[in-house]
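So the chains spell out like this:
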Amino acid sequence: MNLNPFLLIALCTALLAVLFFITKLRRVRGQLSIIEEALEDIKSGNPNRRVLARKSDMTKRICYAINEIAVKNQSQLIQQKQSEQAYKRLMTSLSHDVKTPLASLFGYLDAVENGLVAGEEKEAYIHVAVEKACHLKHFVEALFEWVKLDAKEQIFHFELCDFNELIRNIVAEWVPTLERNHFEYDFDIPEDEYFLRIDPHSYTRILNNLFQNVLMHSGGNKLILKLLENEQQVEIIISDNGKGISSSDIPHIFERMYQCDSSRSARGNGLGLSITTELVNAHNGKIKADSNPGMGATFTILFPKAL
Amino acid sequence: MTIIFTEILKWKRNKTVWGISILTAILGVFAVERACSISRSNPLMDSFGDLYTLAFKNLTSLFLPIVLGMFATTLFFDEQKNDTLKGLLIIPVSKAQLYFSKIAVVILMSLGLCLFTFVICIVGGLIAGGFTDLNTETILQAGLLFLAGGALIPVAMLPIIFLATLSKGYILPIGAVLLYLVPVVLAPSQLMGLHPLASVMGIYPHISPAAIEMVNSWTGNAVITASPMTCSVSLLAIGIISTIVSVIVLQKKTF
Amino acid sequence: MCSYVIETKQLIKKYGEQTAVNAVNIHVEKGRIYGLLGRNGAGKTTIMKMILGLTPVTSGEVDVFGQNIKGREKRVYPRIGAIIETPGFYPNLTGRENLEIFARLRGTAAPNAVKNALDIVGLPYRDKKLFSKYSLGMKQRLGIANAILHDPELLILDEPTNGLDPIGIAEVRDFIKDLSTEHGKTILISSHILSEIALLADDIGIIDHGVLLEENGMEALKRKNSKYILLQVSDIPKTSLVLERQFGVTDYSVQDDHSLRIYNTSLDMAAVNKALVVQDVAVISSQLCNDTLEDYFKKITGGEGIA
């Protein structure tokens, strides 16, 4: 037992160092084989694959770079898939929502042509057919507008205009319609000028859609419009006293083709709010809905002043 | 390597670690206090060897085994208590890796405490003064003794760590630590080569002359029959068996 | 290419005499959300644990990414993120420190993974709060952060909304949905709440007393969920004319050249059939479909229903 203890310690240290390098080497080798496998996987069409690296790994940078490429690749693929799905949805909605009015339109015209009805009834049939054709036309128009918006192909013409004045003009056009439908109304629009950069045409569409919505779906008899303006943003609040929207529907009403009555009523086309949302988004705005079922619903639109 | 490092990270802000360090410091300071109060002419404290063996004895005879046993138990048990085991397993960290990393932490802890006491001894020796033999050679001898104690005691504690992996609570392994210590306190010399802790004691005398004196006073001058070779072999053998059994038990255990 | 990310074959788990999971065959398709629905103690967690290899399988097989997981843990686990039961973390560390431990051990896909994961689940990065002081909701969020830390392809989430408040549940739900649609992740999620699964899942597996009662696409189930009369006739335009003129029905939709759905289920079908026959329209079939999801689940779980 005359071994020098210091020599022993030195030996141990050397051994440990060798061991350390061997494990390091093995780790790198393992990592390389993992990278190889992952690359093979990504190549065969799985952009979800990631290569994980520890902070101490020599291959860290390579791994992160591979992941970055995969992430980019993946988001492209997903975008592509989403637009494909949108297209598919469009086709189904075309086939369903166009087929129904088209079939009934055909039914009416067929009856008239074959002389199944005569006199006043014939007149009534033709009237219904015209109405149906009109509805169909509106639907197809709305659909194309939505498609254009969805594909980001709509061109907006933003210009600086007096926001209050614009609203007054839109509202004025609605007054006769509201009165005809026995609606009470209350418009609270400031007198002074308030300039904002917007696309007047789309803005008119937004308000028209919301008004239309209240008129057709709320079931109430009162419409209130309020404007809250300050330095940063303008808030437009449109509320009614109708039947409201149930809380389980609220998250979905801005989705395309969503209609609250699961027994889709023949009126409306389920595109209005979806188009509105797209238009509001194009203005960097926000839209939200609140409702107490039975007490009416409130739609709030926010536009930032600096566009 | 990373696993061991994260094991250490897990002990951040932990009160137990602080408690253990403070207790170790107190024990070290206690030995230094003896050195200050006992005159250099007294054979009990006439050399630096007396000081460092006293501190070493204070640390390693009872305190270190108990502390390491408890520490290892919490190390294994907390992973279960915090429900973090399943999180680690699906990384995946294998149970064997986990076991070895925990053992490494126990050994590091033990070495750390020993070196801490070693430093206290040197500083204490300088403060108390009057040690004629306080030179590089004795300091190195002391260092070696502490290093040996720090490395060997955890190995001797492996059977207890096995119990810690086996049980579902703190009580069994901590009780076992105490039982484990009793025979060593009663009859250290006879057990050398059989009981791991006693075997460790059988190895000390071959490290420094002061250690011979220490072990002699410890065992009451009993004749040491077991050779250091048998002691080391038995220590290693028991350690390896415990390790293998622990890993197997861990693999089998589901939760 | 096999598109199942998880496939179990006759999976059985016995605890002593008791059978916890009995011959379960689950098929989780790539890029979809698979909801495992069942009451507490039905065996959902056990199945997930077996898929992850956390608990030994009594008999049967589990394939993940098309291969048996046994012996390939090191290659397969890094591609999975999971929460099983309540997430476990170290109480003496902050949320960030906890995640850093796991990130260090597993490796990450990007340099700032911990911060990203915390941002996504809405937990602060610079926070001194220890995990032991976390609320149940925060713990759950941290668990989700840990599951997505390494940007895995497959997420296995066991009751991820447990302990969250209603707003938190909605947030987590949106975020899981987003992971699937925007990032193409495959997700296996379990819950005892029907509405939760109904809102999230693309496919659904219903488990009761350890037995997989039914595995189905959510689309198919939702179709079962509406009330309507399916009418198959020889001439759609004529039928629509009869419906509109004689019965005043407007809420119907044309499915294809020979079938339409009438959403007014209280309609007197005998009279409709008679009127159609008079108009020379052959009625091939007419059937009433009215199943709500709840009814449906009651039916397949043997009348007990689900939570």
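All values derive from a computational prediction rather than experimental measurement. Sequence order sets the numbering: in each chain, residues are counted from 1 along the sequence as written. Labels follow written order: the first chain is A, the first ligand is 1, and so on. Residues qualify for local features only when their pLDDT is at least 70, as the model is predicted, and side-chain atom pairs are given and counted only at 80 or more; totals for whole chains, interfaces and linings, by contrast, use all residues.

Engineer: Describe the overall build of chain B, naming the residues involved and giving the relevant values.
Structural biologist: The helix and strand tally for chain B stands at 12 helices and zero strands. The helix count covers DSSP runs of H or I at least four residues long, the strand count covers runs of E at least two residues long, and both are numbered beginning at the N terminus. For chain B, the sequential pattern of α-helices and β-strands runs α-α-α-α-α-α-α-α-α-α-α-α. Atoms counted for the radius of gyration: C-alpha only. Globule rule: 2.2 Å times the number of residues to the power 0.38. Its C-alpha radius of gyration of 19 Å places chain B within 12% of the 18 Å reference for a compact globule of 255 residues. Counting all 255 residues of chain B, 42% fall into the buried class. Looking at chain B alone, contacts between residues at least 24 apart form 80% of all its contacts between residues at least 6 apart. Here the C-beta atoms are placed from the backbone, and a residue counts as buried if at least 20 other C-beta atoms lie within 10 Å of its own, exposed if 12 or fewer do, and partly exposed otherwise. We call two residues in contact whenever the C-beta atoms placed from their backbones are within 7 Å.

Engineer: Outline the overall build of chain A, listing residues and values.
Structural biologist: Assigned secondary structure in chain A consists of six helices and seven strands. When the helices and strands of chain A are placed in sequence order, the string is α-α-α-β-α-β-β-α-β-β-α-β-β. Here chain A has a C-alpha radius of gyration of 32 Å; the compact-globule value for 307 residues is 19 Å, and the former is much larger. Each principal axis of the C-alpha distribution contributes one length, and for chain A these read about 125 × 60 × 40 Å. Counting every position in chain A, which comprises 307 residues, the buried fraction comes to 22%. Once local pairs closer than 6 in sequence are excluded, the contacts in chain A between residues at least 24 apart make up 66%.

Engineer: Requested: an account of helix α3 (residues 119-150) of chain A, with residues and values cited.
Structural biologist: Between the first and last residue of a helix there are one fewer steps than residues, each counted as 1.5 Å, and that sum is the expected span. The end-to-end C-alpha distance of α3(A) is 46 Å, a good match for the 46 Å that 32 residues give at a rise of 1.5 Å each. Listing the buried residues of α3(A) in full gives A:Y125, A:K132 and A:W146.

Engineer: Got a sec to walk through the sheet that holds strand β7 (residues 80-83) of chain C? Specific residues and values, please.
Structural biologist: Residue and element names in this part refer to chain C. One requirement defines pairing of two strands: DSSP has to find at least two bridges between them. Ordered in space as β7-β8-β9-β4-β10-β11, the six strands form an open sheet in which the pairing is mixed. The sheet terminates laterally at β7 and β11 (211-217), the two strands that pair on one side only. For this sheet, the mean inter-axis angle between neighbouring strands, taken without regard to orientation, is 15°. In terms of strand pairing, strand β4 (residues 33-37) meets strand β9 (residues 186-191) through five bridges, oriented parallel. Looking across to β9, one finds that Y34 is bridged to L188. Against the sheet, helix α1 (residues 44-51) engages β4, β8 (154-158), β9 and β10 (203-208), with an angle of about 150° to β8. The convention used is that axes are lines fitted to C-alpha atoms, helices contributing only their stretch in contact, and that angles between N-to-C directions extend from 0 to 180 degrees. Packing against the sheet, helix α5 (residues 136-148) makes contact with β7 and β8, and its axis sits at approximately 165° to β7.

Engineer: Can you tell me about the interface of chain C and chain A, naming the residues and giving the values?
Structural biologist: Contacts between the two partners involve 28 residues from chain C and, on the opposite side, 27 residues from chain A. Contributing elements (two or more residues each) for the side of chain C that touches chain A: α3 (95-106), α9 (236-247) and β13 (252-256) of chain C. A total of six residues in the side of chain C that touches chain A trace back to one element, the largest contributor, which is α9(C).

Engineer: For helix α4 (residues 163-180) of chain A, give the residues involved together with the corresponding values.
Structural biologist: Residue and element names in this part refer to chain A. For α4, built from 18 residues, the straight-helix expectation of 26 Å at 1.5 Å per residue is met to within 8% by its first-to-last C-alpha distance of 27 Å. Two axes enter the bend calculation: one fitted to the seven residues ending at the residue in question, the other to the seven starting there, and the bend is the angle between them. At W174, α4 is deflected by roughly 35°, the largest bend along its length, and proline P176 occurs up to four residues later in sequence. Of the residues flanking the end of α4, it is H182, one or two places downstream, whose phi is positive at about 55°.

Engineer: Got a sec to walk through the domain arrangement of chain A? Specific residues and values, please.
Structural biologist: Residue ranges labeled as domains rest on an automatic or database domain assignment. Assigned domains of chain A: these are domain 1 (5-77), domain 2 (94-150) and domain 3 (159-304). Inter-centroid distance (C-alpha atoms) of domain 1 of chain A to domain 2 of chain A is 66 Å.

Engineer: Tell me about the packing of helix α4 (residues 113-121) of chain C against α5(C), and name the residues and values.
Structural biologist: Residue and element names in this part refer to chain C. It is at 9 Å that the axes of α4 and α5 come closest, and there the two elements cross at 135°. In terms of orientation, α4 lies oblique with respect to α5. The chirality of how α4 crosses α5 is right-handed. Here A117, L118, I120 and V121 of α4 lie close against α5, whose contacting residues are R141, I144, A145 and I148. In what follows, roughly perpendicular refers to angles from 65 to 115 degrees, roughly parallel to angles under 35, roughly antiparallel to angles over 145, and oblique to any angle outside these ranges. Note on convention: the crossing is left-handed when the near helix lies turned anticlockwise from the far helix by less than a right angle, right-handed when the turn is clockwise.

Engineer: Talk me through the sheet that holds strand β5 (residues 233-240) of chain A; I want residue IDs and the actual numbers.
Structural biologist: All names here are of chain A. In space, the five strands of this open sheet follow the order β2-β4-β5-β7-β6, with mixed pairing throughout. Edge positions in the sheet fall to β2 (184-188) and β6 (286-292), since each of these pairs with one other strand and no more. Each adjacent strand pair in this sheet contributes to an overall mean axis angle of 15°, direction not counted. Pairing of β2 with strand β4 (residues 222-229) involves five bridges; the strand directions are parallel. Directly across from F187, in β4, lies its bridge partner L225. Packed on one face of the sheet, helix α5 (residues 200-218) meets β4, β5 and β7 (296-304) and runs near 20° to β5.

Engineer: Outline the pairing of strand β2 (residues 18-24) of chain C, listing residues and values.
Structural biologist: Residues and elements named next belong to chain C. Sheet topology note: the strand β1 (residues 4-15)/β2 ladder contains four bridges and is antiparallel. Opposite K13, over in β2, you have V21 as the bridge partner. The turn joining β1 and β2, which pair antiparallel and follow one another in sequence, is formed by two residues; a positive phi near 65° is taken by G16.

Engineer: Describe unusual backbone geometry, with residues and values.
Structural biologist: Backbone torsion omega between B:I91 and B:P92 reads 5°, so that peptide bond is classified as cis. Tracing the sequence through the fold places B:P92 in the loop between α4 (85-89) and α5 (95-128). The residue A:N284 is not glycine, and still its phi comes out positive at about 60°. By C-beta crowding, A:N284 is classed as exposed, having 11 other C-beta atoms within 10 Å. With a phi close to 50°, C:D151 is a non-glycine residue in the positive phi region. As for its position among the elements, C:D151 is in the loop between α5 and β8.

Engineer: Tell me what's going on with the packing of α3(C) against α5(C), and back it up with residues and numbers.
Structural biologist: All names here are of chain C. With their axes 10 Å apart at the nearest point, α3 and α5 run at an angle of 25° to one another. Between α3 and α5, the interaxial angle falls into the category roughly parallel. As for how α3 packs across α5, the hand of that crossing is right-handed. Contacts between α3 and α5 involve G95, N98, L99 and F102 from the first element and L142, A145 and N146 from the second. For the contact of α3 with α5, a count of residues per class yields four nonpolar, three polar and no charged. Each residue gets one label: Ala, Val, Leu, Ile, Met, Phe, Trp, Tyr, Cys and Pro are nonpolar, Asp, Glu, Lys and Arg are charged, and the others, such as Gly, are polar.

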